[in-house]
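Geometric and topological summary
Each chain, letter by letter, is given below.
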Amino acid sequence: MSESSNSLSVVVGGTVAIDNVKTPGSEAENLLGGSAAYAALASSFYCPSVHLVGIVGKDFPAEHLSMLEARGISLDGIERSEGDSFTWSGEYMENMNERVTHRVGLNVLESWEVKVPAPANQSEIVVLANMSPDNQLQMLEQCKAASSFVIADTMDLWIEIANERLHEVLKQLDLFVINESEARDFAKTSNLVEAGRRLLEKGPRYVVIKLGEFGAMLFGRREGAIPDELCADSFFRCAAFPLSEISDPTGAGDTFLGAIAGHLAAAGERNPSFESIRQAVVQGSVLASYTCEAFSTKRLEGLSRNDLDARLAAFRQMSSW
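For every chain, the first residue of the written sequence is number 1, and numbering continues from 1 along that sequence. In keeping with the model being predicted, local features are shown solely for residues with a pLDDT of at least 70 and side-chain atom pairs are shown and tallied solely at 80 or more, while totals for entire chains, interfaces and linings include all residues. With hydrogens and water set aside, each side-chain value is computed from the structure's full complement of heavy atoms.

To find the voids left in a structure, one rolls a probe of water-molecule size over its atoms. Using a 1 Å grid laid over the protein atoms alone, points where a 1.4 Å probe fits but cannot get out form a cavity; open sets with protein on both sides within 12 Å along at least 5 of 7 lines form a pocket; any residue with an atom within 4 Å of a point counts as lining. Grid points are joined across faces, edges and corners, and a volume is the space filled by probe spheres set on the points. Computed from the structure, the second largest pocket encloses a volume of approximately 400 Å³. The wall of the second largest pocket is formed by 13 residues, among which Phe236, Val282, Phe315, Arg316 and Ser319 lie closest to the centre. Of the residues assigned to the lining of the second largest pocket, the class counts are six nonpolar, four polar and three charged. Gly is put with the polar residues, along with every residue not named as nonpolar or charged; the nonpolar set is Ala, Val, Leu, Ile, Met, Phe, Trp, Tyr, Cys and Pro, and the charged set is Asp, Glu, Lys and Arg.

Attention now goes to the sheet that holds strand 6 (residues 87-92). One open sheet accounts for four strands, arranged 3-2-6-7; its pairing is mixed. The sheet is open, and its two edges are formed by strand 3 (27-33) and strand 7 (99-105), each paired on a single side. The mean inter-strand angle of the sheet, taken between neighbouring strand axes irrespective of direction, is 20°. Whether two strands pair depends on DSSP finding at least two bridges between them. A run of DSSP states H or I qualifies as a helix once it reaches four residues; a run of E qualifies as a strand once it reaches two. Both are numbered from the N-terminal end. Two strands pair when backbone bridges link them, and strand 2 (residues 17-22) and strand 3 are joined in this way by five bridges, in the antiparallel orientation. Looking across to strand 3, one finds that alanine 17 is bridged to glycine 33. Fitting a line to C-alpha atoms yields each axis, with helices limited to the stretch in contact; the angle taken between N-to-C directions then spans 0 to 180 degrees.

Turning to the side chain of serine 89, a few remarks are in order. The residue serine 89 is located in strand 6 in this model. Each residue is placed in one exposure class: buried if its accessible area under a 1.4 Å probe, protein chains only, is under 20% of its type's maximum, exposed if it is over 50%, and partly exposed if it falls in between. Among the residues examined, serine 89 registers a relative accessible area of 15% and is labelled buried. We call two N or O atoms a polar contact when they sit within 3.5 Å, provided that within protein one can donate a hydrogen and the other can accept it, with sequence-adjacent residues counted only if both atoms are side-chain atoms. Polar contacts involving the side chain of serine 89 include one to the side chain of asparagine 20, which spans 3.1 Å. Note on definitions: a residue-residue contact is assigned when non-hydrogen atoms from the two residues lie within 4.5 Å. When sequence neighbours within four positions are dropped, the list of residues in contact with serine 89 reads Asn20, Val100, Thr101, His102 and Arg103.

Okay, structure coming up:
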């Protein structure tokens, strides 16, 4: 589903999991989960060359891997272990913004060391999906493309227990993606505009703060420097596509991340501009809306590019002024 014959290659590393999810209206077990799985699937809507790096156990459902392969995603970087797969079990509250984690089984992740095979290690777009900063640094060390564009996500756990190593990751990033509560925590400020500036100071060229159902904020440098005031060529505020009903928001942020990577790869720019990343954020916001419409990746699995283009067109009309 490439948008350009000059499309670059994407490698996504992170968790590939079994999810068990309960919502106010339903519940489901043995779902495909994990940050890297969602991000790789999202990238495949734009880019024909997507590599997935992760680890699964002996209990991992074969149909999940078959679905990813059917999307053209290379699984050469998926390690098969005789242990049990990483699992997450959680429940969403009535407003669907709050959730409770009932159980996390690290299992195969406890001693996992990232291995990026060739040709995945030559990819021009490198996505460090949610995993420990040590795993993110391992992946960076193995990715060989000198001009690669590096994108990373994180979570509150790593901010709390691996803060120093996370700072090492940030120094090597082009784009850092983080949700609003984690941004406030990591930047030590309640003001998200100030948080964006402080996160830029930690090293990345660009920062995206995810706002859930309220969209996202993109921050960038202006002529290499962090601007004192917000301006159109270094700040962008994107809305989220409005949904009247949400079935399961699990993985929406990871879909957002992967869509950004895939769109940048499809554009074929090794050094994307602020405007290119701005467009990628819009793509991520719209594709992530589909993830919320069904459990796990079910909605994405049946989605066509025509469906996505139609929603993008509607989003453009409803958000322009």
